[in-house]
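The lines below spell out each chain.
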Amino acid sequence: MSAEEKNTRHAARMVRKKAVIDAAIEQANQEKGLLLILTGNGKGKSSSAFGMMARALGYGMKVGVAQFIKSRKDTGEEGFFSRQPNVEWHVLGEGFTWDTQDRERDISTAQAGWKIAQQMLSDPEISLVILDEITYTMKYGYLDTAQILADIAARPPMQHVVITGRGAPQALIDAADTVSEIMDVKHAWRAGIKAQPGIDL
Ligand code: ATP
Ligand code: MG
């Protein structure tokens with residue numbers, strides 16, 4: 001095939017493609033606050049949520065973050081985002097279950113955390129709420145999934161919610177608008193490399 005033929009074919013294919021894409025764009029004409037779930041065993045759940053946070057802040061939106069489970073307050077994301085205007089940042093965890101080793105305390109920590117999440121979920125000024133690692137509180141039964149779902153459903157209609165964490169329960173997936181499961185293909189940690197500032201925390 002000559003270069004000229006290739007170019008003509010390419011142009012014709014792009015005309016057809018544009019018609020399909022334009023029709024799809026025309027179809028997607030609704031607006032609403034979205035519920036997004038980032039789950040799976042691969043790396044990139046929380047960092048994806050913080051990527052959306054940067055986007056939202058770029059539009060001057062207010063963003064609320066609730067970090068369940070984790071207790072570290074010295075992460076790169078906290079260092080950067082909590083100093084920005086329009087950010088409400090809560091570290092609500094006291095560490096992983098294998099660190100705390102105290103189920104009763106984990107439950108009351110999670111429940112106190114949910115009270116703060118509820119406040120953000122009822123504030124229409126907050127355009128994006130990130131519930132980081134909250135799936136573990138559901139998986140271990142510290143928080144009631146039905147209660148979480150009810151509070152999320154009752155949020156302001158244009159508010160977006162992003163949930164991260166492994167093992168998202170099916171009921172949460174069913175309620176969500178967008179769900180990504182990040183697959184673990186390879187992780188440096190298994191080659192003996194410790195968590196790197198700027199990449200892992
Ligand atoms: P990130 O915050 O880097 O986006 P994540 O939110 O997807 O990661 P978490 O389960 O919250 O994953 O784990 C947080 C920490 O554990 C990060 O330091 C991350 O690099 C590391 N991590 C994530 N997935 C894996 C894995 N499959 N094996 C080992 N370590 C992992
Ligand atoms: Mg995470």
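Within each chain, residue numbers correspond to sequence positions counted from 1 in written order. Chains carry letters from A onward and ligands carry numbers from 1 onward, assigned in written order. The model is predicted, so local features are restricted to residues of pLDDT at least 70 and side-chain atom pairs to those at 80 or more, both for listing and for counting; the totals for chains, interfaces and linings are taken over all residues. Note that water and hydrogens are dropped before the side-chain values are worked out from all heavy atoms of the structure.

### As for the overall build of the protein
Then step 1. Helix and strand assignments follow DSSP, with helices taken as H or I runs no shorter than four residues and strands as E runs no shorter than two, numbered in order from the N terminus. Looking only at helices and strands, one finds eight helices and six strands in the protein.
Then step 2. In the protein, the order of α-helices and β-strands from amino to carboxyl end is α-β-α-β-α-β-α-α-β-α-α-β-α-β.
Then step 3. Considered along the principal axes of its C-alpha atoms, the protein spans approximately 70 × 45 × 35 Å.
Then step 4. Burial classes: relative accessible area under 20% of the type maximum marks a residue as buried, over 50% as exposed, and values in between as partly exposed (1.4 Å probe, protein chains only). When burial is assessed residue by residue, the protein has 38% of its 201 residues classed as buried.
Then step 5. Contacts are residue-level and defined by heavy atoms, with any inter-residue pair within 4.5 Å sufficient. Excluding contacts between residues fewer than 6 apart, the proportion of contacts in the protein whose partners are at least 24 apart in sequence is 78%.
Then step 6. For the protein, the accessible surface area stands at approximately 12300 Å², while carbon and sulfur atoms represent 53% of it.
Then step 7. A distance of 7 Å separates the average location of the 24 positive side-chain charges in the protein from that of its 25 negative side-chain charges. Computed by Shrake-Rupley with a 1.4 Å probe, the accessible areas treat only the displayed protein chains as cover when residues are assessed. The convention is simple: Lys and Arg are positive, Asp and Glu are negative, and His and the chain ends are not counted. Note on charges: their place is set at NZ of Lys, CZ of Arg, CG of Asp or CD of Glu.

### Things to note about the pattern of salt bridges
Then step 1. Salt bridges are identified by distance alone: a Lys or Arg side-chain nitrogen within 4 Å of an Asp or Glu carboxyl oxygen. If you walk through the whole model with that rule in mind, you get four salt bridges.
Then step 2. A salt bridge links D22 to K18; the shortest N-O distance between them is 3.0 Å. Taken together, the residues span about one helical turn, with D22 and K18 both in helix α1 (residues 3-27) at a distance of four residues.
Then step 3. For D22, a relative accessible area of 35% puts it in the partly exposed group.
Then step 4. In this structure K18 comes out as exposed when scored by relative accessible area, which is 52%.
Then step 5. K32 serves as the salt-bridge partner of D177, at 2.7 Å between the closest nitrogen and oxygen. Taken together, the residues D177 in the loop between α8 (170-175) and β6 (178-181) and K32 in the loop between α1 and β1 (35-39) connect sequence positions 145 residues apart.

### Concerning the sheet that holds strand β5 (residues 160-164)
Then step 1. In this analysis, strands are considered paired if DSSP registers two or more bridges between them. As summarised here, the arrangement of the six strands in space is β3-β2-β4-β5-β1-β6, forming an open sheet in which the pairing is parallel. Two strands lie at the open edges of the sheet, namely β3 (87-91) and β6, each paired on one side alone. The mean inter-strand angle of the sheet, taken between neighbouring strand axes irrespective of direction, is 10 degrees.
Then step 2. Inspection of the sheet shows strand β4 (residues 126-132) paired to β5 by four bridges, in the parallel sense. Paired with L128 across the bridge in β5 is H160.
Then step 3. Fitted lines through C-alpha atoms give the axes, limited to the stretch in contact for helices. The angle between two N-to-C directions lies from 0 to 180 degrees. Its contacts with the sheet place helix α2 (residues 45-58) against β1, β2 (62-67), β3, β4 and β5, and it is angled at close to 165 degrees to β4.

### Looking at a positive patch on the surface
Then step 1. The patches reported here contain residues having more than 30% relative accessible area and no salt bridge. Joining distances are 9 Å for like charges and 5 Å for nonpolar side chains (Val, Leu, Ile, Met, Phe, Trp, Tyr). A cluster of basic residues, R9, R13, R16 and K17, forms a positive patch on the protein surface.
Then step 2. Along the chain, R9 falls in helix α1.

### A closer look at the domain arrangement of the protein
Then step 1. Each assigned domain of the protein is listed with its residue range as follows: domain 1 (1-30) and domain 2 (33-191).
Then step 2. An automatic or database domain assignment provides the domain bounds reported here. Computed from C-alpha coordinates alone, the two centres of domain 1 and domain 2 are separated by 39 Å.

### Digging into α1
Then step 1. Multiply 1.5 Å by the residue count of a helix minus one, and that product is the helix's expected span. Over its 25 residues, α1 runs 36 Å from end to end, which matches the ideal 36 Å to within 8%, given 1.5 Å per residue.
Then step 2. For α1, the tally of buried residues reaches only zero of 25 residues, placing the bulk of the element at the surface.

### Considering the coordination of the magnesium ion (ligand 2)
Then step 1. For Na, K and Ca the donor cutoff is 3.2 Å, while for all other metals N, O and S atoms must lie within 2.8 Å; water is not among the atoms, so some sites may look incomplete. Around the magnesium ion (ligand 2), the donor atoms from the protein are S46 (OG) and E133 (OE), and they sit 2.0 to 2.2 Å away. Of the two residues, S46 is situated in helix α2 and E133 in the loop between β4 and α6 (135-139); the sequence distance between them amounts to 87 residues. For the pair shown, S46 and E133 are each scored as buried.

### Observations regarding the side chain of T75
Then step 1. Locating T75 in the fold gives a position in the loop between β2 and α3 (76-81).
Then step 2. What makes T75 buried here is its relative accessible area of 7%.

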